[in-house]
Amino acid sequence: MTGPEAGRGAGTGRTALVTAAANGIGEATAHAFARAGYRLVLADIDRDGLERVRADLDGSEVTLADGDCTTEAGAAAAVEQAVSAYGELAVLVNAVGGSRPGQTVADLTLDEWNRWVAFNLTSVFLMCRAALPHLVACRGAVVNVASGAGLRGMRANPAYVAAKAGVAALTRAMALDHGPRGVRFNCVAPGPVRTPLMRRNRTEAEIAAMGGVAVLGRIGEPEEIAEAILWLAGDGASYVMGQTVEVDGGVASMV
Ligand SMILES: NC(=O)c1ccc[n+]([C@@H]2O[C@H](COP(=O)([O-])OP(=O)(O)OC[C@H]3O[C@@H](n4cnc5c(N)ncnc54)[C@H](O)[C@@H]3O)[C@@H](O)[C@H]2O)c1
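Summary of the structure given here. (Residues numbered from 1 in each chain as written. Predicted model: local features only at pLDDT ≥ 70, side-chain atom pairs only at ≥ 80, totals over all residues. Heavy atoms only, no water.)

## Observations concerning the pairing of strand β2 (residues 39–43)
Argument step 1. Of all 5 residues in β2, 5 are buried, a share of seventy percent or more.
Argument step 2. Residues R39, V41 and A43 line one face of β2 and the alternating positions L40 and L42 line the opposite face, and both faces are buried.
Argument step 3. Note that strand β1 (residues 15–19) and β2 share 5 bridges and pair parallel. Considered in β2, the bridge of T15 is made with R39.
Argument step 4. Regarding the hand of the β-α-β motif, the stretch spanning β1, helix α1 (residues 24–35) and β2 is right-handed.
Argument step 5. Regarding topology, helix α2 (residues 47–56) serves as the crossover connection from β2 to the parallel strand β3 (residues 62–65), and that connection is right-handed. (Buried < 20%, exposed > 50% of the residue type's maximum accessible area, 1.4 Å probe, protein only. Helix = DSSP H or I, 4+ residues; strand = E, 2+ residues; numbered from the N terminus. Pairing = 2+ DSSP bridges. Right-handed = clockwise from strand over helix to strand, strands pointing away.)

What follows is the structure in structure tokens.
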């Protein structure tokens, strides 16, 4: 069942808005939340991908919001669609982001810097700002997708590294400012994960080599990140606030 006509669902019955939901970590998150009984609003610029995910989620309540989450209008529209479809918004997962390594500060143009920061950091600000009144009303939760790159660095990817560090910092800032009103803000920081983004940027040999850095000896799967996001969004994490949870197979413990 889809759209506003669907009415309240079973399971948790709460509404979750997931950005970047047409592929990769966002798509896996949509599946995890659907299994947990959430009503879903899925936002992405890839309409065909969203339609595919909705078809895969047959039996769940799903509304699609095909907008650009890096713009004020797109972020506001996605939140508005959630509220008009289901009358509330309890969980926001900000997964929009990504990068293409290959440049250092020496050769990065200002336009490229601004584009990567908008993609990875400003999108989180805009989505959270638009959703905040509704999250306060529900005493809801935000889970942002940062990156291990933002904690430890990554070669030839300075805008991404800085923006993802900013996501973790912004999460803590919002926890301080808005946590007292009952909204929990947390982050996951994935290590390398097998998604379309990863396959665009790296060869199979490079992906295997990245996995070798983890204690577990492999890169992660999107579903493994989604499970951490689901936990952080839910009542099981009711005393977790402002944290960045690394989900990386143990990369952090090896350096
Ligand atoms: N894959 C990894 O190894 C990895 C590691 C650490 C962090 N991350 C982070 O996880 C998040 C998801 O990454 P992924 O690997 O699943 O990416 P992906 O490229 O596989 O999927 C990203 C999705 O975002 C959508 N999108 C792009 N621009 C958008 C916009 N402006 N508005 C709405 N949707 C938009 C795309 O259409 C796509 O469906 C990103 O924030 C990324 O930085 C990924």
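Past the structure itself, the notes keep going.
## Examining the sheet that holds β3
Argument step 1. On the basis of which strands lie adjacent, the open sheet formed by 7 strands has the order β3-β2-β1-β4-β5-β6-β7 and parallel pairing. Edge positions in the sheet fall to β3 and β7 (244–247), since each has one partner strand and no second. The sheet shows a mean angle of 20 degrees between the axes of neighbouring strands, direction not considered.
Argument step 2. Both strand β4 (residues 91–94) and strand β5 (residues 141–145) contribute to a ladder of 4 bridges, which runs parallel. From the neighbouring strand, V91 faces β5, where its bridge partner is A141. (Axes fitted to C-alpha atoms, helices over the stretch in contact; angles between N-to-C directions.)

## Re the side chain of E88
Argument step 1. Relative to the assigned elements, E88 resides in the loop between α3 (72–86) and β4.
Argument step 2. In terms of polar contacts, E88 uses its side chain to reach the backbone amide nitrogen of T15, at 2.9 Å. (Polar contact = N/O pair within 3.5 Å; in protein donor to acceptor, adjacent residues only side chain to side chain.)

## Overview of the site of the ligand
Argument step 1. Near the ligand you find 32 residues, and of these D44, D68, Y160, V193 and T195 are the closest.
Argument step 2. D68 places a polar side-chain atom, nitrogen or oxygen, 2.7 Å from a nitrogen atom of the ligand.
Argument step 3. Taking Y160, its side chain carries an N or O atom lying 2.7 Å from an oxygen atom of the ligand.
Argument step 4. About the coverage of the ligand: the protein hides 92% of its 840 Å² of free accessible area.
Argument step 5. For the shell around the ligand, the secondary-structure elements that each account for two or more residues are α1, α4 (110–138), α6 (158–178) and α7 (196–201).
Argument step 6. Sort the elements by how many residues they give to the shell around the ligand and α7 lands first, with 4 residues.
Argument step 7. Looking at the shell around the ligand residue by residue, the class counts come to 17 nonpolar, 10 polar and 5 charged. (Near = heavy atom within 4 Å. Areas by Shrake-Rupley, 256 points an atom, 1.4 Å probe, with all protein chains shown as cover. Nonpolar A, V, L, I, M, F, W, Y, C, P; charged D, E, K, R; others polar.)

## Here we look at the environment of T104
Argument step 1. One can find T104 in the loop between β4 and α4.
Argument step 2. Judged by its relative accessible area of 39%, T104 falls in the partly exposed class.
Argument step 3. The spatial distance from the C-alpha of T104 to the C-alpha of A159 is 8.7 Å, given a sequence separation of 55 residues.

## A few points about α6
A turn of α-helix holds 3.6 residues, and therefore any two residues three or four places apart point the same way.
Argument step 1. Taking 1.5 Å of rise per residue, the 21 residues of α6 would be expected to cover 30 Å, and the 29 Å separating its terminal C-alpha atoms lies within 8% of that figure.
Argument step 2. Of the positions making up α6, those classed as buried are A159, Y160, V161, A163, K164, G166, V167, A168, L170, T171, M174 and A175.
Argument step 3. Of the surrounding elements, those touching the buried residues of α6 are α4, β5, α5 (148–152), β6 (184–190) and β7. (Expected span 1.5 Å × (residues − 1). Contact = heavy atoms within 4.5 Å.)

## Looking at the pairing of β3
Argument step 1. Of the two faces of β3, the one holding V62 and L64 and the one holding T63 and A65 are both buried throughout.
Argument step 2. Inspection of the sheet shows β2 paired to β3 by 4 bridges, in the parallel sense. Residue pairing for β3: L40 is matched across the bridge by V62.

## Things to note about the pattern of salt bridges
Argument step 1. Going through the model one piece at a time under the given rule, you end up with 13 salt bridges.
Argument step 2. Taking the shortest distance from any N to any O, the salt bridge between E51 and R47 comes out at 3.1 Å. Taken as a pair, E51 and R47 lie in helix α2 at a separation of 4 residues, close to a single helical turn.
Argument step 3. Overall, the relative accessible area of 32% leaves E51 in the partly exposed class.
Argument step 4. Here R218 and E224 are joined by a salt bridge, their closest N and O atoms 2.8 Å apart.
Argument step 5. By sharing partners, the salt bridges in this structure join R47, E51, R54 and D66 into a single network. (Salt bridge = Lys/Arg side-chain N within 4 Å of Asp/Glu carboxyl O.)

## Here's the deal with unusual backbone geometry
Most of the time, phi is negative for any residue but glycine, and the peptide bond is trans.
Argument step 1. We note that A20 has phi near 60 degrees; this positive angle belongs to a residue other than glycine.
Argument step 2. Along the chain, the position of A20 falls in the loop between β1 and α1.
Argument step 3. Owing to a relative accessible area of 17%, A20 belongs among the buried residues under this scheme.
Argument step 4. Of note in this structure, A156 is not a glycine but carries a positive phi near 55 degrees.
Argument step 5. As for its position among the elements, A156 is in the loop between α5 and α6.
Argument step 6. What makes A156 partly exposed here is its relative accessible area of 28%.

Read these as layout, nothing more, since geometry by itself doesn't imply function.
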